[in-house]
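This is what each chain is made of:
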Amino acid sequence: MIGRNVPQVTLHTRVRDESVDGPNPFRWEDVDTKDLFSGKRIAVFSLPGAFTPTCSNEQCPAFERLYDEFKARGVDEVYCISVNDAFVMYQWGQSLGLKKVKLLPDGSADFTRRMGMLIKKDHLGFGERSWRYGMIADDGVVTAWFEEPGINDTGIDSDPYGETAPENMLKWLSEEGAA
């Protein structure tokens, strides 16, 4: 994966817009991943799904808690990508009280598929989801890769989480910066 370009896809997001009347002041906004990654150093983590136990109780809160450390190590943004729609990602972010990590909806799984990380979680009734992975991308090119072991479509894993922890990515950033 290192040296590979981040896929260029369009993500369908919702953004707050006070000019929209009613109780739901949001509008659709298509975001091109080229715009999200170009000219920046981005830390990305992807996970199986919003509102799931490990993702909600450990992984996403840890990245939120350590966000400032990523910034101190030269990262412009921290993105969480999940195969969920914009409505789900928004509500999940609200429920977690996220203020710093940017949640990106990959509702059609285009980004995840092109990353080669799309798996089936049919054994849990989830359908297609992302395998847990992380990366550092510099100007849209993957410079560091973190992936949980045992990628599969059959649920023979116990939802591993360790390799993609923010501490591992921060360690790589520290070592890379010292080199």
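Quick summary incoming for the structure in this document. (Residues numbered from 1 in each chain as written. Predicted model: local features only at pLDDT ≥ 70, side-chain atom pairs only at ≥ 80, totals over all residues. Heavy atoms only, no water.)

## Observations concerning empty space enclosed by the protein
Evaluated as defined, the whole model comprises one cavity of 30 Å³ or more. Of the voids in this model, the largest cavity is the one considered here, and its volume is about 40 Å³. Residue lining of the largest cavity: P48, I119, K121, S130, W131, R132, E148, D159 and P160, and that is the complete set. Considering only residue class, the lining of the largest cavity consists of four nonpolar, one polar and four charged. (1 Å grid on protein atoms, 1.4 Å probe; cavity = no way out; pocket = protein on both sides within 12 Å on 5 of 7 lines; lining within 4 Å. Points joined across faces, edges and corners; volume = space filled by probe spheres on them. Nonpolar A, V, L, I, M, F, W, Y, C, P; charged D, E, K, R; others polar.)

## Side note on the layout of surface pockets
Of the voids in this model, the largest pocket is the one considered here, and its volume is about 610 Å³. What lines the largest pocket is a set of 24 residues, among which R14, Y90, V101, K102 and L103 lie closest to the centre. Counting residues per element, the ones that place at least two in the lining of the largest pocket are β1 (10-16), β2 (26-32), β4 (77-82), α4 (86-96) and β5 (102-105). Looking at which element gives the most residues to the lining of the largest pocket, the answer is α4, with five residues. (Helix = DSSP H or I, 4+ residues; strand = E, 2+ residues; numbered from the N terminus.)

## Some thoughts on the nonpolar core
One recurring pattern in soluble globular proteins: nonpolar side chains tend to sit buried together. Core analysis: the largest hydrophobic core is formed by 24 residues, its most contacted members being F45, F70, V78, W92, V101 and L103. Those elements that provide at least two residues to this core are β3 (41-47), α2 (53-65), α3 (67-72), β4, α4, β9 (141-147) and α6 (166-178). Among all residues touching F70, those that are not within four sequence positions of it are A43, F63, V75, V78, P166, M169, L170 and L173. The next biggest cluster of nonpolar side chains, apart from the first, holds 21 residues, and it includes V6, I42, W131 and Y133. (Core = buried A, V, L, I, M, F, W, Y, C linked by side-chain atoms within 4.5 Å. Buried < 20%, exposed > 50% of the residue type's maximum accessible area, 1.4 Å probe, protein only. Contact = heavy atoms within 4.5 Å.)

## Here's the deal with the side chain of K121
Counting through the fold element by element, K121 comes out in the loop between β6 (118-120) and β7 (128-130). The class of K121 is buried, set by a relative accessible area of 4%. In this structure K121 touches P48, F126, G127, R129 and D157, once residues within four positions along its chain are discounted.

## Some words on the sheet that holds β4
Overall, mixed pairing links the five strands, which are arranged β5-β4-β3-β8-β9 in an open sheet. Each end of this open sheet is capped by a strand with a single partner; those strands are β5 and β9. The sheet shows a mean angle of 25 degrees between the axes of neighbouring strands, taken without regard to direction. Pairing of β4 with β5, which is carried by four bridges, proceeds in the parallel orientation. Bridging from a neighbouring strand, I81 pairs with L104 of β5. (Pairing = 2+ DSSP bridges. Axes fitted to C-alpha atoms, helices over the stretch in contact; angles between N-to-C directions.)

## Focus: unusual backbone geometry
One non-glycine residue, F51, lies in positive phi territory at about 70 degrees. Secondary-structure assignment places F51 in the loop between β3 and α2. The class of F51 is partly exposed, set by a relative accessible area of 48%. One non-glycine residue, D139, lies in the positive phi region at around 50 degrees. Relative to the elements of secondary structure, D139 occurs in the loop between β8 (133-138) and β9.

## Here's the deal with α2
Its 13 residues place the ends of α2 17 Å apart at the C-alpha level, agreeing with the 18 Å of an ideal helix rising 1.5 Å per residue. In the structure, α2 departs most strongly from a straight axis at Q59, where the bend amounts to approximately 25 degrees and where the proline P61 lies between one and four residues downstream. Considered for burial, the residues of α2 that qualify are T54, C55, S56, Q59, C60, A62, F63 and E64. (Expected span 1.5 Å × (residues − 1). Bend = angle between axes of the 7 residues up to and from the residue.)

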